[in-house]
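# Coordinate analysis (summary)
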Amino acid sequence: MRRRSPAVDLTTRLGSLVLPNPVMTASGTAGHGHELADHLDPALLGAVVVKSLHAEPWEGNPAPRVHATPAGMLNSVGLQGPGVEAWLEHDLPDLLATGARIVASIWGRTVEEFALAAELLAGAPPEVVAVEVNASCPNLEDRRALFAHSTTATAEVVEAAAAAERTLWAKLSPNTPELSDIAAAAVGAGAEAVTVANTVLGMVIDTEARRPLLGAGRGGLSGPAIRPVAVRAVFDIHEALPDVPIIGVGGVASAVDAVEFLMAGASAFQVGTATFADPAAPAVILRDLGRWCDDHGVSHLGELIGAAHG
Ligand SMILES: Cc1cc2nc3c(=O)[nH]c(=O)nc-3n(C[C@H](O)[C@H](O)[C@H](O)COP(=O)(O)O)c2cc1C
């Protein structure tokens, strides 16, 4: 028989925002969010983070766009989406109806495009509690780099997102040795939390065709294969910036995986690739996290956050 104890307090604070629990969907892996309602109650999650939105409709990359890899997957979806206005009109209402707390993710190819997407979100209802600025996308004005590979460019896109008049989070890339400086730049520019991390750059070669397998060539690796990379990234940022709230993401497929991120210094976490295997994964992980805390005598989430730093 499971031991009975007072309910574990899973509430978590990310800057000015308090969420009832630390479990979220990861951008791009749960559609526009309302599709989840067939598998779980989106209102039970800390928040639902939707697919990154551009100011305009965006087609994405040529097929094939996904490929299974050992312990993960490689994708080059290329941020396909309907654009902010169509999302507000056609997709958001169904998600609002679920009662979920919603986080809109935005992207752009220039600072100006981030600003445009943010402006269009300014009229979104209050249930859109935060905007996640996906800085891990290519900067047209600097072909060599993602925005999130530069402290200046990261600060610029976060500043541009202020037009959304919402709590801002910055989603960072693990593919840089300057991650803590970039996190500091995001916070200096107005981000209340950093989401760490986006996918790890990768490639698969089709050995028969003697060419890269994905239509776009390079892709982003996700799933359990990248969890140690993401946990290390969270640990580094928490060590350098202990007061900055971190949302951990990368290969969370169980409550124990999530506990790793919390102990590394994350105050919340997102579940991405695991939802492709089981669309109810975020809800299952939430339930199991409560049980894990109960079994380990943890009564408040705060007891776990940063615990691995001694
Ligand atoms: C198919 C797919 C699409 C994604 N689309 C986005 C996106 O639109 N915006 C974004 O910030 N991250 C996107 N990501 C990255 C995820 O949000 C997450 O950061 C990454 O996959 C690592 O987490 P995971 O291992 O739990 O999937 C995408 C990932 C996948 C697999």
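This section reports on the structure supplied with the text. Fair warning: this is a prediction, and the values are worked out from it, not measured in the lab.

## Examining the site of the ligand
Near the ligand there are 26 residues, and of these Ala26, Gly28, Ser222, Gly272 and Thr273 occur at the shortest range. Elements with a contribution of two residues or more to the shell around the ligand: strand 4 (48-53) and strand 6 (72-75). A class-by-class count of the residues in the shell around the ligand yields nine nonpolar, 15 polar and two charged.

## Describing the packing of helix 2 (residues 111-121) against helix 3 (residues 151-161)
Two packed helices can be described by the angle between their axes and the distance between those axes. At their nearest, the axes of helix 2 and helix 3 sit 8 Å apart, and the two run at 25 degrees to each other. The pairing of helix 2 with helix 3 is recorded here as roughly parallel in orientation. When you trace helix 2 past helix 3, the crossing you get is right-handed. When helix 2 is examined against helix 3, the residues Val111, Phe114, Ala115 and Ala118 are found in contact with a partner set consisting of Glu156, Val157, Ala160 and Ala161. A per-class count over the contact of helix 2 with helix 3 returns seven nonpolar, no polar and one charged.

## Description of unusual backbone geometry
Look at the link from Ala63 to Pro64: it is a cis peptide, with omega at -10 degrees. Inspection of the secondary structure puts Pro64 in the loop between strand 4 and strand 5 (66-69). Here the amide bond leading from Val196 into Ala197 is cis, since omega sits at 15 degrees, within 30 degrees of zero. Here Ala197 lies in the loop between strand 10 (193-196) and strand 11 (200-202). Its identity as a non-glycine residue notwithstanding, Leu79 has a phi of 60 degrees, on the positive side. In this structure, Leu79 sits in the loop between strand 6 and helix 1 (84-97). Overall, Leu79 belongs to the buried group, with 22 C-beta atoms counted inside 10 Å. Residue Glu165 is not a glycine yet carries a positive backbone phi of 55 degrees.

## Examining helix 8 (residues 281-295)
Residue pairs three or four apart in sequence face the same way in an α-helix, which turns once every 3.6 residues. Look at helix 8: 20 Å from first C-alpha to last across 15 residues, which is about the 21 Å you get at 1.5 Å a residue. Packing partners of the buried residues in helix 8 comprise strand 3 (23-25), helix 6 (255-264), strand 16 (268-271) and helix 7 (274-277). Positive phi shows up at Gly297, right after helix 8, with a value of about 65 degrees.

Rules of the game
Residues numbered from 1 in each chain as written. Predicted model: local features only at pLDDT ≥ 70, side-chain atom pairs only at ≥ 80, totals over all residues. Near = placed C-beta within 6 Å. Helix = DSSP H or I, 4+ residues; strand = E, 2+ residues; numbered from the N terminus. Nonpolar A, V, L, I, M, F, W, Y, C, P; charged D, E, K, R; others polar. Axes fitted to C-alpha atoms, helices over the stretch in contact; angles between N-to-C directions. Parallel < 35°, antiparallel > 145°, perpendicular 65-115°, else oblique. Left-handed = near helix turned anticlockwise from the far one by under 90°. Contact = placed C-beta atoms within 7 Å. Buried ≥ 20, exposed ≤ 12 C-beta atoms within 10 Å, placed from the backbone. Expected span 1.5 Å × (residues − 1).

Treat this as a map of the structure, not an account of what it does.
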